[in-house]
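Topology and contacts: notes
Here is what each chain is made of, one letter per residue.
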Amino acid sequence: MIPQETISQIVSRIDIVEIVNNFVKLKRRGTNYIGLCPFHNEKSPSFTVSPSKEIYKCFGCGRSGNAITFLMEHEKYSYVEALRWLAEKYNVEIEERETSPEFKQQQQVSDSLYIINNFAQQFFSDQLSTEEGQNIGLSYLKERGFREETIEKFGIGYNAEARDTFSKAATAQLFNKDLLVKAGLVVSRDYGLQDNYRGRIIFPIHNQSGKVTGFGARLIQKNDKAPKYINTPENEIYVKSKILYGSWFARQAIDKADECLLVEGYTDVVSLHQAGIENVVASGGTSLTPDQLRLIKKYTSNLTILYDGDAAGVKAALRGLDLALEEGLNVKLVLLPDNEDPDSYIQKNGAANFTTFINKNKKEFILFQLEYSLKEAGDDTTKRAQVVTRIAESISKINKAEDFTKQQDYIRKTSEILKIDEAGLHNLVNKYTAEKLGKQEKKFIASETQSQQSTGEVIEISGEETDALGLVKNETYHQRSVVRCLVDYGLHEWNDEETVADYIFTVILEDELIEDEMLLKIMHYYKKWYEEKLEPTAKTFLYNEDLAMSNIVSSLLEFPYEVSDGWESKYEMKVPTREDNYKRDISSSILYLQLKRIKKLIAENQKNLEKSNVLNEQMLLIQVHSELKKMEIKLTEDLGTVILK
């Protein structure tokens, strides 16, 4: 846990232009900076950064945020990882508050393993420059078609055939022997430590922060007694089921292409990257796990799997893909020609032909599974019945609440191919869905019923207004305007006795004029900090750990226009800005919200009057109505509008 004072220290040093400029080429335009959006493909720049407000906004795709959310979006960091990146950049030392001695011990082990892996990666990389490394390791890599800049990019290395080349170098650096074993780099024998990756090409495996978390070591010389690949054993920083090789290098390309290509091996990833196809990761030849699928979904919902066209490749492609459907991914499969893998195919045919082949041969998972299973079943009636059962079960994995249309489309297409009754297949799918959901489905149905009832109430209420959408938009605008002014100008003077914050809290919170839950949450946070004499500003919210609140504040501060630096001197006139008019904005918005509240009270009072049969009660309600109308007229006059009678 990073202390708040450390976070404040990091935030105080942030220069959003400097941060964004690390990833996007920015040019100054007026008081802002513009560039090509890194989140979608565009030819004309619509990505704008405001140094004064410390936020960015793309007017093309709509993404916006601050320096921390930019790192989270662009680099796929967590909030803490983004803070660590900024702390390192601005030389801020992080002294984390540990929750327990056990956690502290685990953190120390993790940090040590990262240091050891970093040393090992550099050592293996340097070995390619030795005589043996050049003759064996580098020679092998070049025979595979890998250029030196590609080898350097992925940090690929080599370890010698000798028993303890790495072990000696590591112990000379006084690394802990137990941790070297835990990292999988060495094994302990009676005669001492021995290298685990002897005579192998070494592929470093990076996590989502770019740190080396483990290694994959490929045997070069033929040896029937040794495994072709050795991978790092699981430890505090390496959990195979949570890692996809190449994701660190592919994250931005996947985000931009809105598609992830999944292959089996390390060399497949490296070859495709070298050819310019960078939205690719590898599963390491294992069945996909839920954690890996969630990692992919962090970047995109579109997954295309590329596997060898032989029987083993087909089975590998089908393993675990029901999980992908459950995760809500749009899964497609491409089988390469026999005796080809992505590495060999692209080396022989080039990137353009590879891309054409992929686009031409993509098949949706369900339909591919159906086609393949029917081919295996042949004319055997029993096997064809099993195919129907298997396909129905797969279709049931699709999240019905999120992808109802997709599920129905698969049922229709499948029933046509199988030449079976669509309603019967629909019932079979529903049966598997029911078995899977059980009690959860009952809860879901209950929540759906409650949601529908709630929606019905909203519709009934909105029906009272002749232009409900316009009224909602107006009310939302004025609520947002008040909160924006509080965040931006809360510490400014309102009158001789109170600040803007004092005035807004008195009028808004006491009269309960803000109904939006998140806006209300922002106000209460501001009030808490304000009463604690912390002097909150927009920056306090922008860099808050509550990302939902941070994003709302970011949207409140968005800049539809900015005054150019040279405007006043050129035209010899003062240009009014938001700051010049904040009192007017607050007053008009509060008056509007008060008027809206009075209108609601009048409507409620009128309903009560129509229902009442008691004379005294009717007289009281008429008096209330009269007073409310007077207040309505007064507020309307203050706003400079006219009530139509």
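For clarity, every value in this text was computed on a predicted model and none was experimentally measured.

So, how was this worked out
- Residues numbered from 1 in each chain as written.
- Predicted model: local features only at pLDDT ≥ 70, side-chain atom pairs only at ≥ 80, totals over all residues.
- Heavy atoms only, no water.
- Helix = DSSP H or I, 4+ residues; strand = E, 2+ residues; numbered from the N terminus.
- Buried < 20%, exposed > 50% of the residue type's maximum accessible area, 1.4 Å probe, protein only.
- Contact = heavy atoms within 4.5 Å.
- Areas by Shrake-Rupley, 256 points an atom, 1.4 Å probe, with all protein chains shown as cover.
- Pairing = 2+ DSSP bridges.
- Axes fitted to C-alpha atoms, helices over the stretch in contact; angles between N-to-C directions.
- Polar contact = N/O pair within 3.5 Å; in protein donor to acceptor, adjacent residues only side chain to side chain.
- Phe/Tyr/Trp six-rings, centres within 6.5 Å; stacked < 30°, edge-to-face > 60°.
- Parallel < 35°, antiparallel > 145°, perpendicular 65-115°, else oblique.
- Left-handed = near helix turned anticlockwise from the far one by under 90°.
- Nonpolar A, V, L, I, M, F, W, Y, C, P; charged D, E, K, R; others polar.
- Salt bridge = Lys/Arg side-chain N within 4 Å of Asp/Glu carboxyl O.
- Expected span 1.5 Å × (residues − 1).

**Some thoughts on the overall build of the protein**
If you tally the helices and strands in the protein, you get 28 helices and 16 strands. In the protein, which comprises 645 residues, the share counted as buried stands at 43%. In the protein, the proportion of contacts linking residues at least 24 apart, taken out of those at least 6 apart, comes to 65%. About 34300 Å² of surface is accessible on the protein, with carbon and sulfur atoms providing 49% of the total.

**A look at the sheet that holds strand S10 (residues 212–219)**
Read across the open sheet, the four strands follow the order S6-S9-S10-S11; overall the sheet is antiparallel. This sheet does not close on itself; its edge strands, each paired only once, are strand S6 (157–159) and strand S11 (229–231). Averaged over all adjacent pairs, the angle separating strand axes in this sheet is 30°, with direction ignored. Against the sheet, helix H6 (residues 131–143) engages S6, strand S9 (200–206) and S10, with an angle of about 130° to S6. The strands touched by helix H11 (residues 266–274) are S9, S10 and S11; relative to S9, the strand with the most contacts, the crossing angle is about 75°.

**What about the environment of Lys-362?**
For Lys-362, the location among the structural elements is in the loop between helix H15 (342–361) and strand S16 (363–364). Sequence separation between Lys-362 and Val-331 is 31 residues; the distance between their C-alpha atoms is 9.6 Å. Look past the residues within four positions of Lys-362 in its chain and what remains in contact with it is Glu-259, Thr-304, Lys-332, Leu-333 and Val-334. Reaching out from Lys-362, the side chain makes a polar contact with the side chain of Glu-259 at a distance of 2.7 Å.

**Regarding the packing of aromatic side chains**
Evaluation of the coordinates by the stated rule reveals 33 aromatic pairs. Each ring, one from Phe-39 and one from Tyr-56, has its centre 6.3 Å from the other, and the planes form 35°; the classification is tilted. One end of the pair, Phe-39, is in the loop between strand S2 (32–35) and strand S3 (47–50); the other, Tyr-56, is in strand S4 (residues 55–58), with 17 residues separating them in the sequence. By relative accessible area, Phe-39 is classed as buried at 5%. For Tyr-56, a relative accessible area of 1% puts it in the buried group. A centroid spacing of 5.1 Å and a plane angle of 55° characterise the contact between Trp-529 and Phe-541, whose relative ring orientation is tilted.

**With respect to the packing of helix H16 (residues 365–377) against helix H17 (residues 381–396)**
Where H16 contacts H17, the axes come no closer than 9 Å and their chain directions differ by 165°. Taken together, the axes of H16 and H17 are roughly antiparallel relative to one another. In this structure, H16 meets H17 at a crossing whose hand is right-handed. Facing Ile-366, Gln-369, Leu-370, Ser-373, Leu-374 and Ala-377 of H16, the residues of H17 in contact are Lys-383, Arg-384, Val-387, Arg-390, Ile-391, Ser-394 and Ile-395. Residues belonging to the contact of H16 with H17 are distributed by class as follows: seven nonpolar, three polar and three charged.

**Considerations on the pattern of salt bridges**
A full pass over the atoms with the stated rule returns 20 salt bridges. For Lys-168, the salt bridge is made with Asp-164, and the minimal N-O distance between the two is 4.0 Å. The exposure class assigned to Lys-168 is exposed, which follows from its relative accessible area of 55%. What makes Asp-164 buried here is its relative accessible area of 19%. Beyond isolated ion pairs, a larger network of salt bridges with shared partners links Asp-409, Arg-412, Lys-413 and Glu-416.

**A word on H17**
Counted at 1.5 Å a residue, the expected span for H17 with its 16 residues is 22 Å, and the 23 Å between its end C-alpha atoms agrees. Those residues of H17 that sit buried are Val-387, Val-388, Ile-391, Ala-392, Ser-394, Ile-395 and Ser-396. For H17, the N-terminal capping position is held by Asp-380, with its side-chain oxygen 2.9 Å away from the main-chain nitrogen of Thr-382.

**Some remarks on the sheet that holds strand S14 (residues 302–307)**
If you walk across this open sheet you meet the five strands as S13-S12-S14-S15-S16, and the pairing is mixed. Two strands close off the open sheet at either side, each with one partner strand: strand S13 (280–282) and S16. The sheet contact formed by strand S15 (residues 330–335) and S16 spans two bridges and is antiparallel. If you follow Leu-333 over to S16, its bridge partner there is Lys-363. Relative to S13, H11 is tilted by about 165°, and along the sheet it contacts strand S12 (260–263) and S13. Of the strands in this sheet, S12, S14, S15 and S16 are in contact with H15, which crosses S15 at around 130°.

**A few points about the side chain of Asn-66**
Inspection of the secondary structure assignment puts Asn-66 in the loop between strand S5 (64–65) and helix H3 (67–75). From its side chain, Asn-66 meets the backbone nitrogen of Ile-68 in a polar contact 2.8 Å long. When near neighbours in sequence (up to four residues on either side) are disregarded, Asn-66 contacts Ile-16, Glu-54, Ile-55, Tyr-56, Leu-542, Tyr-543 and Ser-550.

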